[in-house]
Amino acid sequence: MKSLFRTAAAALACASAFAMQPVLAQQSWPARPITLIVPFAPAGSTDITARQLAEGLRAELGQTVVVDNRAGAGGNIGAKVVADAQPDGYTLLVATNAHAASPALYKAMQYNFRKDLVPAAQIVSFPNVLVVRPDFPARDLKEFADYVKGHKGQIAYGSAGNGSSQHLSTALLNNMLGGKMTHVPYKGGAPATTALIAGDIQTLVSPLIEVLPFIKAGKLRALGITTTEPSPLLPGVPSIAEVLPGYEVTMWSGVLAPAGTPEPVLRRINAAVRKVLKGPEVSRKLAEQGYRTFDVPAEQLPALYDKELERWGHMVRISGARVD
């Protein structure tokens, strides 16, 4: 009988220890390296932001944070990797507004943005800027609008891929101008910028950070900002809304995790990201690059993402940018 009691007690202790494993894992997170999936090519705005965040998180969390670029399909290849990952907080996605647009942009998706992923933190918001080569005939926004209207089918614009902010920003512009510019998607913002400088395309609406060095070097000319407020980094460059009232596009990036990630881990990620963004060195660097940082508590993120899905879905519909 004593042997039977000892066996039962041992089994109960084993079951209790097994039940405690997820709790202990949450309390000890992070206990190993974290992978931050960037769903676009290296050197683009999302990649630049992610690497600055990763550096800060390494110091804050005391763990290695690896940036892994998985470009393609407008950011959806990388998002699918995270959606399929274990929900333990060790594989995270740097998402952008492109992911909020994808459900409306694509007829068939291999993952559900709101069901398979869960928001953990917001990082930054920033404007896009309309740029052309220095030899482009139009010298300002008004001349650009007139040129597009008068040269239908003769202008090609680039983007970081179907559904990217560059794509939707320019598709909306094209729609509001009544033009017929041709979309040429690339696997990231950096290749699109290279193509513009080389003359393979005629224009690009790109995140400010990606083209600012080329604007300063005289290799590109800025014509307009997509947000309603001009950027202090580009004095004299107006908002596109000054020529096209009602035009407004604001980009953002955030950190998402696989659905099912424990709430304590999500809150830990949220707190760590917000603390890193408030750090003087990181906040200074981001401001110098034209970014505005977020400070959004974890519990407010689901409602924020629902609004972004609605907003970007509306933009896809009115811009006529749906790709299938």
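First things first, this report covers the structure right here in the doc.

**Quick notes on unusual backbone geometry**
Link 1 in the chain: Here the residue pair Trp 29 and Pro 30 is connected by a cis peptide bond, since its omega of 0° sits within 30 degrees of zero.
Link 2 in the chain: Of note in the backbone geometry, Ala 43 takes a positive phi value of approximately 80° without being a glycine.
Link 3 in the chain: Within the secondary structure, Ala 43 is located in the loop between strand E1 (34-38) and helix H2 (45-61).

**Here we look at the layout of surface pockets**
Link 1 in the chain: Of the voids in this model, the largest pocket is the one considered here, and its volume is about 280 Å³.
Link 2 in the chain: Together, 16 residues line the largest pocket, and Pro 127, Thr 227, Glu 229, Gly 290 and Arg 292 are the ones closest to its centre.
Link 3 in the chain: Per element, the largest residue contribution to the lining of the largest pocket is 3 residues, and it comes from strand E4 (residues 117-132).
Link 4 in the chain: Tallied by class, residues from the lining of the largest pocket come to 7 nonpolar, 6 polar and 3 charged.

**Looking at the packing of helix H6 (residues 165-177) against helix H11 (residues 301-319)**
In a pair of packed helices, the angle between the axes and the distance between the axes together describe the arrangement.
Link 1 in the chain: Their axes nearest at 9 Å, the elements H6 and H11 cross at an angle of 45°. Taken as axis vectors, H6 and H11 run oblique relative to one another. Here the hand of the crossing between H6 and H11 comes out left-handed. Contacts between H6 and H11 pair Leu 168, Ala 171, Leu 172 and Asn 175 from the former with Trp 312, Met 315, Val 316, Ile 318 and Ser 319 from the latter.
Link 2 in the chain: A per-class count over the contact of H6 with H11 returns 7 nonpolar, 2 polar and no charged.

**Regarding the pattern of salt bridges**
Link 1 in the chain: If you walk through the whole model with that rule in mind, you get 14 salt bridges.
Link 2 in the chain: The salt bridge involving Asp 306 is made with Arg 114; its shortest N-O contact spans 2.9 Å. Of this pair, Asp 306 sits in helix H11 while Arg 114 sits in the loop between helix H4 (97-105) and E4, and the two are 192 residues apart along the sequence.
Link 3 in the chain: Asp 306 sits in the partly exposed class, given a relative accessible area of 41%.
Link 4 in the chain: In this structure, Arg 284 and Glu 281 form a salt bridge, with 2.7 Å as the shortest nitrogen-oxygen distance. Residue Arg 284 and its partner Glu 281 are both found in helix H10 (residues 280-288); the two are separated by 3 residues, about one turn of the helix.
Link 5 in the chain: The structure contains a network of salt bridges with shared partners spanning Arg 274, Lys 278 and Asp 295.

**What about empty space enclosed by the protein?**
Link 1 in the chain: Taken as a whole and judged by the stated rule, the model has 3 cavities of 30 Å³ or more.
Link 2 in the chain: Of the voids in this model, the largest cavity is the one considered here, and its volume is about 150 Å³.
Link 3 in the chain: Where the lining of the largest cavity is concerned, the elements lending two or more residues are H2, H4, H6 and strand E9 (250-258).
Link 4 in the chain: By residue number, the principal contributor to the lining of the largest cavity is H2, which donates 3 residues.
Link 5 in the chain: For the lining of the largest cavity, a count of residues per class yields 8 nonpolar, 10 polar and 2 charged.

**What to know about the nonpolar core**
Link 1 in the chain: In terms of nonpolar packing, the biggest core is built from 80 residues, with Leu 117, Phe 144, Leu 173, Val 255 and Trp 312 touching the most fellow members.
Link 2 in the chain: Take this core: its biggest share by element is 9 residues, from E4.
Link 3 in the chain: Ignoring sequence-local partners within four residues, the contact set of Leu 117 consists of Ala 79, Val 82, Ala 83, Leu 93, Tyr 111, Asn 112, Leu 256, Ala 257, Pro 258 and Ala 259.
Link 4 in the chain: Of all hydrophobic cores here, the second largest spans 17 residues; its members include Val 129, Leu 196, Leu 220 and Val 237.

**Some points on the pairing of strand E7 (residues 203-207)**
Looking along a regular strand, one sees the side chains alternate between the two faces of the sheet.
Link 1 in the chain: For E7, a buried count of 5 out of 5 residues is recorded, marking the element as mostly surrounded by other parts of the structure.
Link 2 in the chain: Direction of pairing for strand E5 (residues 156-159) relative to E7: parallel, over a ladder of 2 bridges. Residue pairing across strands places Gly 158 opposite Leu 204, the latter belonging to E7.

Conventions we followed
Residues numbered from 1 in each chain as written. Predicted model: local features only at pLDDT ≥ 70, side-chain atom pairs only at ≥ 80, totals over all residues. Heavy atoms only, no water. Helix = DSSP H or I, 4+ residues; strand = E, 2+ residues; numbered from the N terminus. 1 Å grid on protein atoms, 1.4 Å probe; cavity = no way out; pocket = protein on both sides within 12 Å on 5 of 7 lines; lining within 4 Å. Points joined across faces, edges and corners; volume = space filled by probe spheres on them. Nonpolar A, V, L, I, M, F, W, Y, C, P; charged D, E, K, R; others polar. Axes fitted to C-alpha atoms, helices over the stretch in contact; angles between N-to-C directions. Parallel < 35°, antiparallel > 145°, perpendicular 65-115°, else oblique. Left-handed = near helix turned anticlockwise from the far one by under 90°. Contact = heavy atoms within 4.5 Å. Salt bridge = Lys/Arg side-chain N within 4 Å of Asp/Glu carboxyl O. Buried < 20%, exposed > 50% of the residue type's maximum accessible area, 1.4 Å probe, protein only. Core = buried A, V, L, I, M, F, W, Y, C linked by side-chain atoms within 4.5 Å. Pairing = 2+ DSSP bridges.

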